[in-house]
Amino acid sequence: MQLYTKTGDKGYTSLIGGEKVRKDANRVDAYGTIDELNSLIGYIVSQLEERDSSLKGELIEMQQNLFDCGTDLATPHGKGTYKVTKEMVQNLEMSIDGYADKAPEILSFVLPGGHPTASLLHMARTVVRRAERSIVSLGFEETVNQYVAVYMNRLSDYFFAVARAVNHHYSVKEILYERGGKVFHPELKKEDLS
C-alpha cells in the first residue's frame, strides 16, 4: 500500500465524490479537528488500566463514531448517504446521564484537572469544542449532516461527565471555580431545560 498520493502537494485535497477543495477549507478543518480528537482518544485508551475496560470499550466505539462524523463532513451534500443518526445522539445522551449520576452535584464550574485520566478527558472536551466551532462555521456556508453538529455538542458534555465520574471514582477532589456564581441549578428538572 502506497501512503503518499502526491495529489496534496499544491494545497488541495479531494472530498468524497471527487470534488477538490483547499486544505484550509472549513470542511477540511472540521474533519481534521475530529481526526485530532480521535487521536487524543486513542492516547487516552492506551493509558487506561485493565479495570477501566468498560470505559476503554466505550471510547473505542466512540472512535468508530468519530470516523463516521468525519466521513459525513467529507461528504458534500447529495454525494452520499450520511452515517451519523439521531439514535447515535440518543445513545450518547444516555451515557451522559449515567456518568452524571456517578459524581456529586455541583453548582459552580470545575477547573479542568484531577486524576490524570480525568485531565486527559478534559483535554478531549476542549478539542471537541474546537471541532464543534469548525462545524458551525461550515454549517453557515454549506449543508452538512445536522446530527454531526448535535453529536459533537453532546460529546463535550460526555467528556465533562466522564471526567467528573473518574475523579469521583478515584476520590480526587475537584477544584471549583471560585470567582463565579452558580451555573448549575439542581432545582431545575431536565424537562424545564428543553
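Here's a quick rundown of the structure. Computed from a prediction, not measured in an experiment: that's the story for all the values here.

Concerning the overall build of the chain
Step number 1: Scanning the chain from terminus to terminus reveals six helices and two strands.
Step number 2: The order of helices and strands in the chain, counted from the N terminus, is β-β-α-α-α-α-α-α.
Step number 3: Split into buried and exposed, the 194 residues of the chain put 38% on the buried side.
Step number 4: Within the chain, contacts between residues at least 6 apart in sequence are counted, and of these 77% link residues at least 24 apart.

As for helix α5 (residues 146-169)
Step number 1: In this model, α5 (24 residues) spans 35 Å end to end at C-alpha, consistent with the 34 Å of a helix rising 1.5 Å per residue.
Step number 2: Capping of α5 at its N-terminal end is provided by Asn145; its side-chain oxygen lies 3.0 Å from the backbone amide nitrogen of Tyr147.
Step number 3: Phi turns positive, to about 55 degrees, at Ser171, one or two residues after α5.

Quick notes on the layout of surface pockets
Step number 1: One number sums up the size of the second largest pocket: a volume of about 280 Å³.
Step number 2: Around the second largest pocket, the lining is made up of 14 residues, and of these Asp52, Leu55, Tyr99, Val166 and His169 lie nearest the centre.
Step number 3: Mapped by element, the contributors of at least two residues to the lining of the second largest pocket are α2 (53-73) and α5.
Step number 4: Sorting elements by how many residues they give to the lining of the second largest pocket places α5 first, with four residues.
Step number 5: Per-class residue counts for the lining of the second largest pocket are six nonpolar, five polar and three charged.

What to know about α2
Because an α-helix completes one turn every 3.6 residues, residues spaced three or four positions apart along the sequence face the same direction.
Step number 1: In this model, α2 (21 residues) spans 30 Å end to end at C-alpha, consistent with the 30 Å of a helix rising 1.5 Å per residue.
Step number 2: Where α2 is concerned, the buried positions are Leu55, Lys56, Leu59, Met62, Gln63, Asn65, Leu66, Cys69, Gly70, Asp72 and Leu73.
Step number 3: The secondary structure elements touched by the buried residues of α2 are α1 (26-47), α3 (86-100), α4 (116-141) and α5.

Some remarks on unusual backbone geometry
Step number 1: Backbone geometry places Ser171, a non-glycine residue, at a positive phi of 55 degrees.
Step number 2: Locating Ser171 in the fold gives a position in the loop between α5 and α6 (190-193).

Examining the environment of Ala118
Step number 1: Secondary-structure assignment places Ala118 in helix α4.
Step number 2: Each C-alpha atom of the pair Ala118 and Ala163 lies 4.3 Å from the other, and the pair is 45 residues apart in sequence.
Step number 3: Those residues in contact with Ala118, other than ones at most four positions away along the chain, are Gly113, Ala163, Val166 and Asn167.

A word on the packing of α1 against α2
Step number 1: It is the contact of α1 with α2, at a shortest axis distance of 9 Å, that shows an interaxial angle of 170 degrees. As far as their axial angle goes, α2 and α1 are roughly antiparallel. Both α1 and α2 take part in a crossing whose hand is left-handed. Residues Arg27, Ala30, Tyr31, Ile34, Leu37, Asn38, Ile41, Gly42, Ile44 and Val45 of α1 lie in contact with α2, whose contacting residues are Lys56, Leu59, Ile60, Met62, Gln63, Leu66, Phe67, Cys69, Gly70, Asp72 and Leu73.
Step number 2: Looking at the contact of α1 with α2 residue by residue, the class counts come to 14 nonpolar, four polar and three charged.

Observations regarding the nonpolar core
Step number 1: Counting residues in hydrophobic clusters, the biggest one holds 46 residues, and the most contacted among them are Met152, Leu155, Tyr158 and Phe159.
Step number 2: Listed by contribution, the elements that provide at least two residues to this core are α1, α2, α3, α4 and α5.
Step number 3: A total of 11 residues in this core trace back to one element, the largest contributor, which is α5.

Comments concerning the packing of aromatic side chains
Step number 1: Applying the stated criterion across every chain yields a total of two aromatic pairs.
Step number 2: Taken together through their ring pairs, the aromatic side chains of Tyr99, Tyr158 and Phe159 make up a single cluster.

Some thoughts on the pattern of salt bridges
Step number 1: By the definition in use, this model includes seven salt bridges.
Step number 2: Close ionic contact of Asp24 with Arg22 constitutes a salt bridge, the shortest N to O distance being 2.7 Å.
Step number 3: What makes Arg22 partly exposed here is its relative accessible area of 48%.
Step number 4: With its nearest N and O atoms 2.9 Å apart, the salt bridge here joins Glu36 to Arg130.

What counts, and where the lines are drawn
Residues numbered from 1 in each chain as written. Predicted model: local features only at pLDDT ≥ 70, side-chain atom pairs only at ≥ 80, totals over all residues. Heavy atoms only, no water. Helix = DSSP H or I, 4+ residues; strand = E, 2+ residues; numbered from the N terminus. Buried < 20%, exposed > 50% of the residue type's maximum accessible area, 1.4 Å probe, protein only. Contact = heavy atoms within 4.5 Å. Expected span 1.5 Å × (residues − 1). Polar contact = N/O pair within 3.5 Å; in protein donor to acceptor, adjacent residues only side chain to side chain. 1 Å grid on protein atoms, 1.4 Å probe; cavity = no way out; pocket = protein on both sides within 12 Å on 5 of 7 lines; lining within 4 Å. Points joined across faces, edges and corners; volume = space filled by probe spheres on them. Nonpolar A, V, L, I, M, F, W, Y, C, P; charged D, E, K, R; others polar. Axes fitted to C-alpha atoms, helices over the stretch in contact; angles between N-to-C directions. Parallel < 35°, antiparallel > 145°, perpendicular 65-115°, else oblique. Left-handed = near helix turned anticlockwise from the far one by under 90°. Core = buried A, V, L, I, M, F, W, Y, C linked by side-chain atoms within 4.5 Å. Phe/Tyr/Trp six-rings, centres within 6.5 Å; stacked < 30°, edge-to-face > 60°. Salt bridge = Lys/Arg side-chain N within 4 Å of Asp/Glu carboxyl O.

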